[in-house]
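Reading the structure
Each chain, written out:
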Amino acid sequence: MSKDDSGQAQGDKVTVPSSARLSYRLMDNNDADLLFELDQDEAVMRYINGGNISSMQDIRERMLPRMNSYRDPATGFGLWQVKTRADYAPLPNRYIGWVLIRPMDFFVGTAKKDNVELGWRFFQSSWGYGFATEAARAVAEAVTAANPAILYWSAIAMPDNKASTRVMEKLGLSYVKQGLHQDPLGDVEVVYYRKKLAP
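For every chain, the first residue of the written sequence is number 1, and numbering continues from 1 onward in sequence order. Reporting in this predicted model follows two pLDDT cut-offs: at least 70 for local features of residues, and 80 or more for side-chain atom pairs to be given and counted; totals over whole chains, interfaces and linings ignore these cut-offs and use all residues. By convention in this description, side-chain values take in all heavy atoms of the structure and omit both hydrogens and water.

1. Some words on the overall build of the chain
Rule in force here: A run of H or I in DSSP becomes a helix once it reaches four residues, and a run of E becomes a strand once it reaches two; helices and strands are each numbered from the N terminus. Restricting the calculation to C-alpha atoms gives the radius of gyration, and the globule rule supplies 2.2 Å times the number of residues raised to the power 0.38. Only the protein chains shown count as cover for residues, and all accessible areas are computed by the Shrake-Rupley method using a 1.4 Å probe.
For the chain, the helix and strand inventory stands at five helices and 10 strands. What you see for the chain is a C-alpha radius of gyration of 16 Å, in line with the 16 Å of a compact globule of 199 residues. Its C-alpha atoms put the chain at 45 × 40 × 30 Å along the principal axes. Surface accessibility of the chain: about 9,800 Å² in total, with carbon and sulfur atoms responsible for 49%.

Shown next as structure tokens:
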């Protein structure tokens with residue numbers, strides 16, 4: 001993974017172009033400190049686990065192994081760091097969060113290669129700028145372009161997480177259902193949103 005002269009993040013096949021505000025990089029094991037830093041805010045974690053902050057042990061023993069299980073530079077699956085550009089005056093040169101993209105239902109043995117799950121986590125200081133929508137769209141479009149088999153974008157959120165569902169709607173996803181989402185870390189009641197991509 002490297003950056004070319006235009007500031008674009010590059011994987012084996014996937015490039016997520018930088019915008020006037022944001023740049024991207026596929027995260028790896030060297031990013032434990034960044035993942036830990038983001039998880040220290042109870043408000044950020046409210047709709048992840050009820051507001052419990054992560055320990056560094058949680059990051060190293062749970063989050064990094066989970067990330068590595070689906071991380072694939074060739075397809076673009078993984079966690080993409082989102083950083084503001086140095087010349088973006090309101091928040092210059094700042095790590096503001098990450099965007100997740102992986103096959104839907106990855107951890108329940110029925111991973112769907114034609115349906116990718118999108119997720120995001122951002123520092124409170126970056127809320128209200130539209131970064132989550134911009135970044136999720138950029139990552140999803142880049143990964144979809146590199147993987148023509150992808151037919152759907154999907155996302156899940158706790159039913160009362162209105163900020164995330166607004167992002168889903170801005171991305172063009174529509175409500176599908178509410179139900180129990182299964183995960184090795186624990187099952188949780190969520191709303192499902194999905195967008196069918198044009199052929």
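Now that the structure is up, let's keep going.
2. Let's talk about the pairing of strand β9 (residues 174-181)
The criterion, for reference: Paired strands, as defined in this entry, are two strands with at least two bridges between them according to DSSP.
When β9 meets strand β10 (residues 188-196), the two strands line up antiparallel, connected through seven bridges. Considered in β10, the bridge of S174 is made with R194.

3. A short note on the pattern of salt bridges
As a reminder of what qualifies: Salt bridges, as used here, are contacts in which a Lys or Arg side-chain nitrogen is within 4 Å of a carboxyl oxygen on Asp or Glu. Exposed residues in this analysis have more than 50% of their type's maximum accessible area, buried residues have under 20%, and partly exposed residues fall in between, with area computed by a 1.4 Å probe over protein chains only.
Here the structure, examined in full by the defined rule, presents six salt bridges. Put simply, E117 and R102 hold a salt bridge, and the shortest N to O gap is 3.2 Å. Of the two residues, E117 is situated in strand β7 (residues 112-122) and R102 in strand β6 (residues 95-104); the sequence distance between them amounts to 15 residues. For the pair E117 and R102, one class covers both residues: buried.

4. As for the nonpolar core
Note the cut-off: To form a nonpolar core, buried Ala, Val, Leu, Ile, Met, Phe, Trp, Tyr and Cys residues must be joined to one another through side-chain atoms within 4.5 Å.
If you look at the biggest cluster of nonpolar residues, it comprises 38 residues, and the most contacted ones within it are Y24, W80, W120 and F122. Elements supplying a minimum of two residues to this core: β4 (22-26), β5 (78-84), β6, β7, α4 (131-146), β8 (152-157), α5 (162-170) and β10. Core analysis: the second largest hydrophobic core is formed by 16 residues, L38, V44, I59 and L64 among them.

5. Let's talk about the side chain of R21
Selection criterion: Here a polar contact is taken to be a pair of N or O atoms separated by no more than 3.5 Å, where protein atoms must pair a possible hydrogen donor with a possible acceptor and residues adjacent in sequence count only if both atoms sit in side chains. Contacts are assigned to residue pairs with any non-hydrogen atoms lying within 4.5 Å of each other.
When you line up the elements, R21 lands in the loop between β3 (15-16) and β4. A relative accessible area of 18% means that R21 is categorised as buried. Engagement of the side chain of R21 in a polar contact is seen with the backbone oxygen of Y129, the distance being 3.0 Å. Once you skip the residues sitting within four places of it in the chain, R21 turns out to touch K83, T84, R85, Y88, Y129, G130, F131 and E134.

Without other data, these values stay purely geometric and don't point to any function.
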